[in-house]
Amino acid sequence: MDAPDIESSPTPAVKNLLSRFESLAVDNSATATKRPPPPPPPSSTRSYSRGLSPAPPSPSVSPLLRPVPIPNVLNTSVNRAPQHGLPPSPNAEDLAAPRTPRPSASARLAPLPPHSSHPSTNHFAHVSVSDLNHPPCSAPTTFERKPFGKLPPPPTRTIALGDKLPPKRSNNAEGAANGDSDEDESGDEDDDKGSGTDLLPDATRASRRPPYLITPHDGDHGAYPTQPCKIAVPAHTGHLAMSGVYVVVGSTHHIRLYNTNLSQEVPAKSMDTKDFGIKDGKVTAVEFKTEFLVWIALKEGHIFEIDVRNGDLLSVKHCAHMNPILYLFRYAGSMISIDEVGKVLIWSPDPSTGDIKLLHHTPRVMRTTDKLDFAKIIGGVLWTAGRSEQHGAGTLARTPIIRLYDLFNPASTGKTVMPTEHVGPVTSATIVPTHPEHVYLGHEEGYITIWSLEDVATGGGYPRCIEVMKVASTDVTSLEGINDRLWAGGRNGMITVYDIVPRPWIATNSWAAHPGLPVLQISPDPFGIEKHRRLGVVSVGRDERVGLWDGLLALNWQDTELQKHEQSYSTFRELKVLIISWNCDSAKPDSLHGHPANINFFHDVLNSVDRPDIISFGFQEVIDLESRKMAAKNMLMSARSDARGRKDEGTLLGLSDKVTGAYKRWYDALVLAVKLAMPPDCPYSVVHTESMVGLFTCVIVKNTEKAAVKDIAINTVKRGMGGRYGNKGGILSRFLIDDSSLCFVNCHLAAGQHAVRARNADAAGMLEQQLIFPPVAEHLAFVGGGDGSMVLDHEIVFINGDMNYRIDQRRDAITAAVRANEHETLFAHDQLLKEIKFNRGCRFRFFTEGPIAFAPTYKYDRRSDVYDTSEKRRAPAWCDRVLWRSRVPSRVKQLHYQRYEVNVSDHRPISAAFDITVKRVRHEIRQKKKAEVQMQWTGLQERLLTEAREFYINSSRL
């Protein structure tokens with residue numbers, strides 16, 4: 001459709017608008033960066049992009065890029081000459097081309113887009129008045145621009161407030177020149193997989209024996225119970241409170257009263273809310289007001305008071321709240337109830353009677369925020385938090401908002417505080433009796449924040465977050481301060497007790513309280529101190545079970561004291577142990593030829609100590625880890641028979657017939673080498689053999705010790721690819737000899753010059769993994785209350801293998817020190833020695849390594865004595881190591897620690913020999929000494945209970 005005719009003589013108003021457009025175009029041309037004008041478009045339809053390189057038209061166009069529709073009355077000349085370097089006006093053919101209808105003269109002028117400081121958003125730099133005569137009305141077009149410069153802009157990332165800075169990017173070219181390449185022929189592991197694991201509190205010496213609470217139902221007070229409590233609490237609807245021997249469980253409309261003096265399975269009294277006139281009521285909170293009177297709150301807003309001794313209903317307050325009650329608290333003789341909309345009722349005792357008459361009492365009302373997911377009263381202050389209330393919600397730097405209310409100061413207003421770092425939502429809070437100046441908050445994602453109350457005590461200020469501790473890889477779901485320890489329950493069902501004085505904290509106890517399911521509640525029983533002379537702790541888990549624990553950890557103290565007298569009730573003897581470790585780089589036994597060191601290797605290493613009683617071979621990379629076919633074959637055929645009995649000498653224990661023959665060849669070579677190296681009158685037997693994707697372990701003992709060996713077990717731990725692949729990990733074997741336990745770990749840790757944290761994480765994963773071995777009832781052979789199912793339960797642990805720790809030094813400096821035989825100058829740069837010395841979270845911190853008096857064992861050119869001359873030129877390092885740990889350090893003495901000049905691999909083999917001391921317990925004498933220790937505990941227990949009761953009285957919890 002043709003456009004209407006336009007007057008040849010414009011009005012003054014039109015001239016003013018035209019001059020405005022032209023002046024803007026002139027100004028922008030004058031100030032624009034000098035560069036050649038853009039080429040004319042290939043067609044009449046102009047398409048420009050805001051990007052720095054040509055791009056197809058965007059389906060979504062920013063409003064700032066849309067052409068401004070100009071009424072036709074502003075056009076005084078169809079063909080105007082180009083001005084100021086602008087694109088020429090359309091020619092006759094262009095004007096004759098069909099176009100979309102133009103807006104009528106009555107159309108409104110669109111508002112001018114805002115000016116931008118960026119050159120690419122200058123909306124008038126390439127626009128002429130003639131261009132405005134033909135604005136598209138249906139679909140706005142986009143504008144293309146030439147790239148700004150020769151290169152695209154660098155990538156950017158947004159780091160939110162509180163986020164950790166990304167790791168520094170390594171320069172591969174520069175690193176390769178120094179031998180620091182992150183790649184390794186044996187495979188590389190991402191450093192991120194060790195993120196945070198090596199910084200957690202040390203749990204290597206934690207007792208794993210559950211500290212069950214002694215109850216009169218257990219019978220003999222001198223015997224500690226070994227079975228868990230049998231009281232059940234429904235997972236999602238149950239609520240529990242404990243006072244002395246009484247336990248109250250409320251769930252839906254059921255109320256059960258247990259007397260643990262009588263039974264833990266059958267309640268002494270069962271009630272229903274309909275007995276109190278409430279049909280289909282739902283219990284939502286339970287709390288003891290006094291030792292025998294308990295308050296029970298319902299979803300309907302009612303509160304009942306019941307005497308647990310006989311189940312009598314003493315008082316009731318109907319519709320105390322108009323909304324469901326979520327929390328009940330006891331503090332300083334008062335009771336506090338909180339409903340789901342944040343209404344708080346403070347039920348203070350009558351000054352004349354000192355009691356709370358529930359029916360006739362008028363509580364004081366306060367308001368908090370609604371949708372509370374956490375609430376706890378500490379020192380008269382209500383600490384609250386909601387999952388929906390977060391600073392920086394929707395970002396990675398979200399932190400919970402914590403609100404505080406002084407319940408017993410009507411003039412006070414709520415205060416708001418936040419942690420100093422990114423942590424998960426608040427789940428729990430407590431105060432440790434020996435550290436009353438601090439409050440500890442538990443968070444999801446495994447964090448505990450520490451808050452100082454110093455400013456609150458001195459001038460009514462705010463609590464300050466002074467420290468953030470990462471204590472677990474799972475959520476902290478519950479916290480409680482007991483005596484001088486901090487008890488923490490996790491989402492994995494573990495309860496861990498921390499000594500909070502050292503840094504990092506030390507886990508003194510850690511046991512599976514509610515295996516595999518979250519610990520929902522941990523709370524003490526202060527009412528049981530005075531009458532029952534015990535400090536009980538109750539826990540509730542998602543497994544619908546109740547845990548009753550000894551808050552004083554009496555058995556733990558007695559075991560520690562009894563071990564101090566071990567010399568008086570045990571006899572001891574010595575054994576020789578020889579450990580050989582070698583990354584053979586897929587070399588075969590028949591490759592040991594040519595050089596004399598190759599030919600005599602087995603003879604030299606087996607005769608490095610006279611007739612060892614135990615020989616442990618630990619090989620790595622028996623197969624080529626770079627061979628995909630070999631790796632796949634081992635993954636598919638790695639299943640082994642569940643029944644692994646001891647077989648006759650000469651049989652291959654624990655290896656499948658279908659796997660590659662590399663393991664079988666090495667097994668045959670080792671058995672033959674031992675027979676040839678040892679005297680005929682000193683035969684040996686194989687007790688352990690196992691393989692895992694390149695790792696191979698073979699443990700051999702002297703026949704004269706075979707009768708003393710028992711409880712043999714072996715297992716593997718995969719650490720490659722997040723625990724799914726066995727190219728990294730370890731083979732773990734154990735057995736008991738007399739009344740001592742030994743564990744051997746043959747490992748291959750994460751490779752790469754800079755993968756220190758990944759190596760630390762691999763070590764922590766193997767040493768602290770649960771249920772590695774079958775439990776053993778002979779607890780005297782293990783440490784820390786363990787049952788032998790974990791590596792660190794054993795008295796003596798040897799760990800050997802290609803640990804892959806490198807030397808943080810230039811390759812030239814390392815090789816120069818090796819040539820000068822100045823190995824000690826490199827110790828300060830050895831990663832493993834640095835981790836043991838400076839990283840308080842390193843799991844090798846409590847292990848020992850003998851003096852290193854040999855050159856680095858990695859990395860050589862095959863069949864030569866020259867360090868790596870390949871393109872990567874890796875720096876030499878002591879990758880191959882042998883460490884040990886003993887409950888009594890003097891019971892392990894190293895005889896030698898040396899390397900061998902076998903050159904068929906890129907690693908040199910090493911060996912370490914030890915004299916170890918094993919014990920045999922005389923049980924009659926031990927029982928007498930145990931009775932003496934229990935008498936000592938009686939006096940200490942009275943003092944601890946007195947201190948605990950004083951704390952609960954001073955903190956208004958009694």
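Procedures and definitions
- Residues numbered from 1 in each chain as written.
- Predicted model: local features only at pLDDT ≥ 70, side-chain atom pairs only at ≥ 80, totals over all residues.
- Heavy atoms only, no water.
- Phe/Tyr/Trp six-rings, centres within 6.5 Å; stacked < 30°, edge-to-face > 60°.
- Helix = DSSP H or I, 4+ residues; strand = E, 2+ residues; numbered from the N terminus.
- Buried < 20%, exposed > 50% of the residue type's maximum accessible area, 1.4 Å probe, protein only.
- Lys NZ or Arg CZ within 6 Å of the ring centre and 35° of its normal.
- Salt bridge = Lys/Arg side-chain N within 4 Å of Asp/Glu carboxyl O.
- Axes fitted to C-alpha atoms, helices over the stretch in contact; angles between N-to-C directions.
- Parallel < 35°, antiparallel > 145°, perpendicular 65-115°, else oblique.
- Left-handed = near helix turned anticlockwise from the far one by under 90°.
- Contact = heavy atoms within 4.5 Å.
- Nonpolar A, V, L, I, M, F, W, Y, C, P; charged D, E, K, R; others polar.
- Pairing = 2+ DSSP bridges.
- pLDDT = per-residue confidence, 0-100.
- Arc of directions from axis to C-beta.

**Comments concerning the packing of aromatic side chains**
Moving on, step 1. Taken as a whole and judged by the stated rule, the model has 31 aromatic pairs.
Moving on, step 2. An angle of 85° between the planes, with centres 6.1 Å apart, marks the rings of Tyr 246 and Phe 292 as edge-to-face. Residue Tyr 246 is located in strand E2 (residues 246-251), and its partner Phe 292 is located in the loop between strand E5 (283-288) and strand E6 (293-298); the two are separated by 46 residues in the primary sequence.
Moving on, step 3. Under the relative-accessibility criterion, Tyr 246 is labelled buried at 15%.
Moving on, step 4. Taken together, the aromatic side chains of Trp 582, Phe 601, Phe 602, Phe 617, Phe 619, Trp 666 and Tyr 900 make up a single cluster linked through ring pairs.
Moving on, step 5. Geometry around Tyr 447 places Lys 470 over its ring, the cationic atom sitting 4.7 Å from the centre.

**Digging into the pattern of salt bridges**
Moving on, step 1. Scanning the model with the defined rule gives 45 salt bridges in all.
Moving on, step 2. Here Asp 355 and Lys 289 are joined by a salt bridge, their closest N and O atoms 3.1 Å apart. Of this pair, Asp 355 sits in the loop between strand E11 (343-347) and strand E12 (364-367) while Lys 289 sits in the loop between E5 and E6, placing them 66 residues apart in sequence.
Moving on, step 3. Look at Lys 289 and you get buried, because its relative accessible area is 9%.
Moving on, step 4. Here Glu 566 ties to Lys 919 by a salt bridge, and the two come within 4.0 Å at their closest N and O atoms. Here Glu 566, found in helix H8 (residues 566-569), pairs with Lys 919, found in strand E38 (residues 910-921); they are 353 residues apart in sequence, far enough to count as distant.
Moving on, step 5. Looking at Glu 566, the relative accessible area reads 5%, which means it is buried.
Moving on, step 6. Of the residues examined, Lys 919 reaches a relative accessible area of 2% and is grouped as buried.

**Some words on the packing of helix H7 (residues 554-563) against helix H16 (residues 923-954)**
Moving on, step 1. Interhelical geometry of H7 versus H16 gives an angle of 130° and a closest axis separation of 9 Å. When the interaxial angle is binned, H7 and H16 end up oblique. The two elements H7 and H16 meet at a crossing, and its hand is right-handed. Contacts from Ala 554, Trp 557, Gln 558, Glu 561 and Leu 562 of H7 reach H16 at Arg 926, Lys 929, Lys 930, Val 933, Gln 934, Gln 936, Trp 937 and Leu 940.
Moving on, step 2. Residue classes in the contact of H7 with H16 are distributed as six nonpolar, three polar and four charged.

**Digging into the pairing of E5**
Moving on, step 1. For E5, a buried count of six out of six residues is recorded, marking the element as mostly surrounded by other parts of the structure.
Moving on, step 2. The pairing of E5 with E6 spans five bridges and is antiparallel. Residue pairing in the sheet places Val 286 in a bridge with Ile 296 of E6.
Moving on, step 3. As consecutive antiparallel partners, E5 and E6 are separated by four residues.

**Digging into the sheet that holds strand E10 (residues 334-339)**
The pairing of strands in a sheet comes from backbone hydrogen bonds and takes either a parallel or an antiparallel form.
Moving on, step 1. Taken together, the four strands give an open sheet; going across it, the order is E9-E10-E11-E12, and neighbouring strands pair in antiparallel fashion. Edge positions in the open sheet fall to strand E9 (325-331) and E12, since each of these has one partner strand only. The average undirected angle you get between the axes of adjacent strands in this sheet is 20°.

**Examining unusual backbone geometry**
Moving on, step 1. Put simply, Arg 503 and Pro 504 share a cis peptide bond, and its omega is -10°.
Moving on, step 2. The residue after Tyr 858, namely Lys 859, is reached through a cis peptide bond having omega 0°.
Moving on, step 3. Mapped onto the secondary structure, Lys 859 falls in the loop between helix H15 (831-838) and strand E36 (880-886).
Moving on, step 4. The backbone phi angle of Lys 371 is positive, close to 55°, even though this residue is not glycine.
Moving on, step 5. Looking at where Lys 371 falls in the secondary structure, it is placed in the loop between E12 and strand E13 (374-378).
Moving on, step 6. With relative accessibility at 58%, the residue Lys 371 sits in the exposed group.
Moving on, step 7. In the Ramachandran plot, Asp 738 falls in the positive-phi region, its phi being about 60° despite a non-glycine side chain.
Moving on, step 8. Turning to its location among the elements, Asp 738 is positioned in the loop between strand E33 (725-737) and strand E34 (740-748).

**Concerning the pairing of strand E29 (residues 614-620)**
Moving on, step 1. The buried count for E29 comes to seven of seven residues, which makes it a mostly enclosed element.
Moving on, step 2. Residue alternation in E29 divides its side chains into two sets, Ile 614, Ser 616, Gly 618 and Gln 620 and Ile 615, Phe 617 and Phe 619, and both sets are buried.
Moving on, step 3. Bridge count between strand E28 (residues 570-583) and E29: seven bridges; the pairing is parallel. Bridging from a neighbouring strand, Ile 579 pairs with Ser 616 of E29.
Moving on, step 4. Pairing of E29 with strand E31 (residues 695-702), which is carried by six bridges, proceeds in the antiparallel orientation. Residue pairing in the sheet places Phe 617 in a bridge with Cys 698 of E31.

**Remarks on the confidence of the model for the chain**
Moving on, step 1. Here the chain shows a mean pLDDT of 81. Residues at 70 or above account for 73%.
Moving on, step 2. Between residues 28-35, whose pLDDT stays under 50, and residues either more than four places distant or in other chains, the model counts eight contacts.

**Section: helix H14 (residues 811-819)**
Moving on, step 1. Those residues of H14 that sit buried are Arg 811, Ile 814, Thr 815, Ala 817 and Val 818. All buried residues of H14 fall inside an arc of 160° around its axis, so they share one side.
Moving on, step 2. Of the residues flanking the end of H14, it is Asn 821, one or two places downstream, whose phi is positive at about 60°.

**Some points on the side chain of Thr 508**
Moving on, step 1. Tracing the sequence through the fold places Thr 508 in strand E24 (residues 506-512).
Moving on, step 2. What makes Thr 508 buried here is its relative accessible area of 17%.
Moving on, step 3. When near neighbours in sequence (up to four residues on either side) are disregarded, Thr 508 contacts Arg 205, Ala 206, Ser 207, Arg 485, Val 497, Asp 499 and Asn 556.

**Comments concerning the sheet that holds E13**
Moving on, step 1. Reading across from one edge, E13-E14-E15-E16 is the order of the four strands in this open sheet, with antiparallel pairing throughout. Whereas interior strands pair on both sides, the edge strands pair on one side only; in this sheet they are E13 and strand E16 (415-417). Along the sheet, successive strands turn relative to each other by an average axial angle of 25°, direction set aside.
Moving on, step 2. Bridge analysis of E13 against strand E14 (residues 381-391) gives five bridges, and the strand direction is antiparallel. By the bridge assignment for E14, Ile 377 is matched with Leu 382.

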